[in-house]
Every structure is written in structure tokens, then in C-alpha cells.
Amino acid sequence: MLVPDAPNQRWRLDFVSDALTDGRRFRVLAVVDDYSRECLALVADTSLFGLRVVRELDALILRRGQPAMVVSDNGPELTSMTVLSWCQRKGVEWHNIAPGKPMQNGFVESFNGRFRDEFLNETLFSSLTDAREQIRIWQHDYKYHRPHSELGNITPAEFVAKKGLAMRAA
């Protein structure tokens, strides 16, 4: 796939799992814009099925605008009839990577690696509410304070501003 030359051309989705201090598992849905490298969403919950995924995407579209394409793996929550019908209604192309080929979803896999190494592995969460709040703070830092080498060592927010892109507030 070609690298996009504007935001909202292609978003990538993937899941990361972690656990609370009491051992209960939770998942985080990560949504990343390929062009700006912005982390558009980090949604933490104990279960994230297709209906929840499209609900979160609809909320993100209201804030951000609609993507032309979404790329994800072949997990059941991302290949469900709920997701397929959502794509048809919205006119969004959905591309599933080849099974067993996570590097076809490289941008979000790279993001997930940083998210896990720099944050999830270093942070204890006492509750889902605690996890959501700490994740929200980390996401803000990632967008506004962390330079990215792929963007010329500026933050995603600076990149969007420098390009003069008229983005809805995210």
C-alpha cells in the first residue's frame, strides 16, 4: 500500500491486551492515522465486539471526519457482519491484512509496541476507570509532546498544524 498524503485517507486498527492489578483482563482498541501518525483513539474495555468498534468509529468520525479506508487484522470483531454493514452504510473501504502477516499493519503494530513498552508494561491499573484515565493522559502526551522521527522529529499535533491541515478537534 502507498503511504497516504493527507489525513483520514487510511486509519489502522488493532487490539492490545493487559490486566488490572486484580488479574481481570481488558483490551484496548487502538486507532492510528497513517499520514499524521496521530493516535486517534484508545478505547479500553473488558470486551470490544464489532458493535462497540463501529460505535467508537462513528464517534471518532463525528470528531475527526471520515476515513476513506480502514485496515485491520482478521479478528472476529473486525470481520463481523456488523462491521461489514457499517462499511457499506458509510462508504468506507475496509482492508483486512493477510492472516499471520502483522507487518501489513505496520504503523499500528509499531504504535502498539511503543504503547506496550513505554506505558502498559510500566503501569499498574487498579480498575478499568483508572486504566482509561491513565491511557487518556498517555494518549494526550503522545499527540502533543512526543516527537516522531517519521514526522521530522515533531509531534503529530505539530505536524498537522505545520501542514495547515484543517482538522476537527480530536
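Residues numbered from 1 in each chain as written. Predicted model: local features only at pLDDT ≥ 70, side-chain atom pairs only at ≥ 80, totals over all residues. Heavy atoms only, no water.

### A word on the pattern of salt bridges
All chains considered together, the criterion is met by 14 salt bridges. Note that Arg52 is salt-bridged to Asp45, the shortest N-O span being 2.4 Å. Neither Arg52 nor Asp45 differs from the other in exposure class; each is buried. Between Glu118 and Arg146 there is a salt bridge, with its nearest N and O atoms 2.9 Å apart. Pair noted here: Glu118 is in helix H3 (residues 106–118) and Arg146 is in the loop between helix H4 (128–144) and helix H5 (156–162), with a separation of 28 residues, a long-range link. (Salt bridge = Lys/Arg side-chain N within 4 Å of Asp/Glu carboxyl O. Buried < 20%, exposed > 50% of the residue type's maximum accessible area, 1.4 Å probe, protein only. Helix = DSSP H or I, 4+ residues; strand = E, 2+ residues; numbered from the N terminus.)

### Examining the side chain of Asn8
Among the structural elements, Asn8 can be located in the segment before strand S1 (10–19). One polar contact links Asn8 to Arg64, side chain to side chain, over a distance of 3.0 Å. (Polar contact = N/O pair within 3.5 Å; in protein donor to acceptor, adjacent residues only side chain to side chain.)

### Here we look at the packing of aromatic side chains
Inspection of the entire model under this criterion finds 11 aromatic pairs. Arranged with centres 5.7 Å apart and planes meeting at 55 degrees, the rings of Phe119 and Phe125 form a pair that is tilted. Take Phe119: its relative accessible area is 7%, and that puts it in the buried class. Ring-pair connections join several aromatic residues into one group, and the members of that group are Phe26, Phe111, Phe115, Phe119, Phe125, Trp138 and Tyr142. The ring of Phe15 carries the charged tip of Arg27 above its face, separated from the ring centre by 4.0 Å. (Phe/Tyr/Trp six-rings, centres within 6.5 Å; stacked < 30°, edge-to-face > 60°. Lys NZ or Arg CZ within 6 Å of the ring centre and 35° of its normal.)

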